[in-house]
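Residues per chain are reported as follows:
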Amino acid sequence: AQLRVSRVIHSAYTRTDSFCFSTMEKRAEAPADEPPVAPIAKPFQRSKHIKFLLQPLKLMPHNTQTYDSMRMTLVFFSLSGLDLLGELGTINDKSRAAIIDWIYAQQFTPKDPNDKRRGFRGGFSLSSPFNPTCEKTDFHPLDETNLAMTYTAIASLSILGDDFSRLDREGIAKSLAQHQQADGSFMASPMSGEVDMRFLYCACCIAAMLGDWQGIDVPRALQFVRKSRSYDHSFGQGPTLEGHGGSTFCAVASLALMGKLDEIFTPQEKLLLTDWLLKRQETGFQGRPHKAIDTCYSFWVGSTLDILNMYGFVDSQRQHEFLMSTQSVIGGLAKWPEVHPDPMHTYMGLAGLAIAGQENLKPLSSALNISKEASSRTPANLKKPRIVETAFV
């Protein structure tokens, strides 16, 4: 059956895009950022990875302190990584409660009803008051909520099993409309910020976890995704931009969360995208043609294939060998072998292993990027919400 599908894929792209794929297959000379040659793969260092992921929950490592404004994402990488390892029990009840309080202290609950800011910021970078009780208060004028921080905050609370009694569900769901642009894309913050496929994905995750899509104009979002498809069947960060493994995941996962995969892709288009994704594997995965392989793409590309139900064509053993070679002696996984590890690549590497069903990790909910167990504890409990199809006036 796999051989038949492979022949269909080959037939599809050679008929419709033969020049594109033939040129992509030609290997250029090794790029300057080629990773070091992988050493012999090490056994999975579970206990060291647990210690490495616990560290950012206590004290930010010196090489990540410049990311204090995005600390919420570091908390998410640590919590979700420990969850996949089945080691949330290493966080005692007192510490778990303190982490939940810290997350809620980043939630915006402004006194002014005209204040458009709803959701979560990334940390105390502007020294705003610590407010875990979430009573309405004044925030620093330059404080802003951010879709990525709101997504990772709600995901982290789901992982920790919070009851969401302090979560401003209605306000956050409505506020998504303040982020959506005329072309259907989303801005990171309601006042300013980057506009690309990443934040459409974050908005879809927030709506899906809340079970409330009232703040998203779905037809406009679909239009933005359609226009962001590249000539090689991948997706860029926006229209006319280069296709990339990360933005392709964000596009495909968003479509899956909106329940629109089959509306966007014909069967042949799905096979053409699958072909592009599978061509990203050497040992590990790369994000674009002729680029170095990188630990994080085990998630970005692997999860996309999983959502498309095409992961069975991945050479999981070769990927496993690459990921094992990126483990550090101090714990954690790095971008490349013999490079210093970081929380993001550690989590993405673990997520890649979870998709492959390796190293006794919990199954991953690929579209939401949390464990399936945690996805059952979101505010919506993953009940399928009603998506409003009418465009906003």
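What counts, and where the lines are drawn
Residues numbered from 1 in each chain as written. Predicted model: local features only at pLDDT ≥ 70, side-chain atom pairs only at ≥ 80, totals over all residues. Heavy atoms only, no water. 1 Å grid on protein atoms, 1.4 Å probe; cavity = no way out; pocket = protein on both sides within 12 Å on 5 of 7 lines; lining within 4 Å. Points joined across faces, edges and corners; volume = space filled by probe spheres on them. Helix = DSSP H or I, 4+ residues; strand = E, 2+ residues; numbered from the N terminus. Buried < 20%, exposed > 50% of the residue type's maximum accessible area, 1.4 Å probe, protein only. Lys, Arg positive; Asp, Glu negative; His and termini not counted. Salt bridge = Lys/Arg side-chain N within 4 Å of Asp/Glu carboxyl O. Contact = heavy atoms within 4.5 Å. Axes fitted to C-alpha atoms, helices over the stretch in contact; angles between N-to-C directions. Parallel < 35°, antiparallel > 145°, perpendicular 65-115°, else oblique. Left-handed = near helix turned anticlockwise from the far one by under 90°. Nonpolar A, V, L, I, M, F, W, Y, C, P; charged D, E, K, R; others polar. pLDDT = per-residue confidence, 0-100. Phe/Tyr/Trp six-rings, centres within 6.5 Å; stacked < 30°, edge-to-face > 60°. Lys NZ or Arg CZ within 6 Å of the ring centre and 35° of its normal.

A. Geometry of empty space enclosed by the protein. Counted according to the given criterion, the structure contains one cavity of 30 Å³ or more. The volume enclosed by the largest cavity comes to roughly 40 Å³. Arg-118, Gly-119, Thr-145, Asn-146, Leu-147, Thr-150, Ile-172, Ser-175, Leu-176, His-179 and Ile-206 together form the lining of the largest cavity. Elements with a minimum of two residues in the lining of the largest cavity: helix H6 (147-160) and helix H7 (169-179). Looking at the lining of the largest cavity, the element that brings in the most residues is H7, giving four residues.

B. Broad picture of the side chain of Asp-342. Looking at the secondary structure, you find Asp-342 in the loop between helix H14 (316-325) and helix H15 (343-355). In this structure, Asp-342 is buried with no salt-bridge partner, the nearest side chain bearing the opposite charge being Lys-335 at 8.4 Å. In contact with Asp-342, not counting residues within four places along its chain, are Phe-52 and Leu-333.

C. Up close: the packing of helix H8 (residues 197-210) against helix H10 (residues 245-258). Contact pair H8 / H10: the axes reach a minimum separation of 9 Å and the direction vectors enclose 30°. One way to sum up the angle between H8 and H10 is to call them roughly parallel. The hand of the H8/H10 crossing is left-handed. Here Met-197, Arg-198, Leu-200, Tyr-201, Cys-204, Cys-205 and Ala-208 of H8 come into contact with H10, specifically with Ser-247, Phe-249, Cys-250, Ala-251, Ala-253, Ser-254, Leu-257 and Met-258. Residue composition of the contact of H8 with H10, grouped by class: 12 nonpolar, two polar and one charged.

D. Main features of the layout of surface pockets. Roughly 1200 Å³ of volume is contained in the largest pocket. Met-70, Thr-73, Phe-77, Ala-148 and Arg-198 are, among the 47 residues lining the largest pocket, the residues nearest its centre. If you list the elements that add at least two residues to the lining of the largest pocket, you get helix H4 (71-84), H6, H8, H10, helix H13 (297-307) and H15. Grouping the amino acids of the lining of the largest pocket by side-chain chemistry returns 23 nonpolar, 18 polar and six charged.

E. Main features of the confidence of the model for the chain. Confidence in the prediction for the chain averages 87 pLDDT; 85% of positions are at 70 or higher. Note on residues 1-32: pLDDT is under 50 here. Beyond four places in sequence and across chains, it has 43 contacts. In the model, residues 382-393 has pLDDT below 50 throughout and makes 18 contacts with residues more than four positions away in sequence or in other chains.

F. Representation of the packing of aromatic side chains. In this structure the tally under the stated criterion is 11 aromatic pairs. Ring geometry for Tyr-104 versus Phe-120: centroids 6.5 Å apart, planes at 45°, classification tilted. Here Tyr-104, found in helix H5 (residues 93-104), pairs with Phe-120, found in strand S2 (residues 119-120); they are 16 residues apart in sequence, far enough to count as distant. For the pair formed by Tyr-104 and Phe-120, the shared burial category is buried. Plain terms: the ring middles of Tyr-201 and Phe-249 are 5.1 Å apart, the flat faces sit at 65° to each other, and that makes the pair edge-to-face. Of this pair, Tyr-201 sits in helix H8 while Phe-249 sits in helix H10; the two residues are 48 residues apart in sequence, bridging distant segments of the chain. Phe-249 sits in the buried class, given a relative accessible area of 0%. One aromatic cluster is present, formed by Phe-76, Phe-77, Tyr-151, Tyr-201, Phe-249, Phe-299, Trp-300 and Tyr-347 through successive ring pairs. Over the aromatic face of Trp-336 sits the side chain of Lys-335, whose NZ or CZ is 5.1 Å from the ring centroid.

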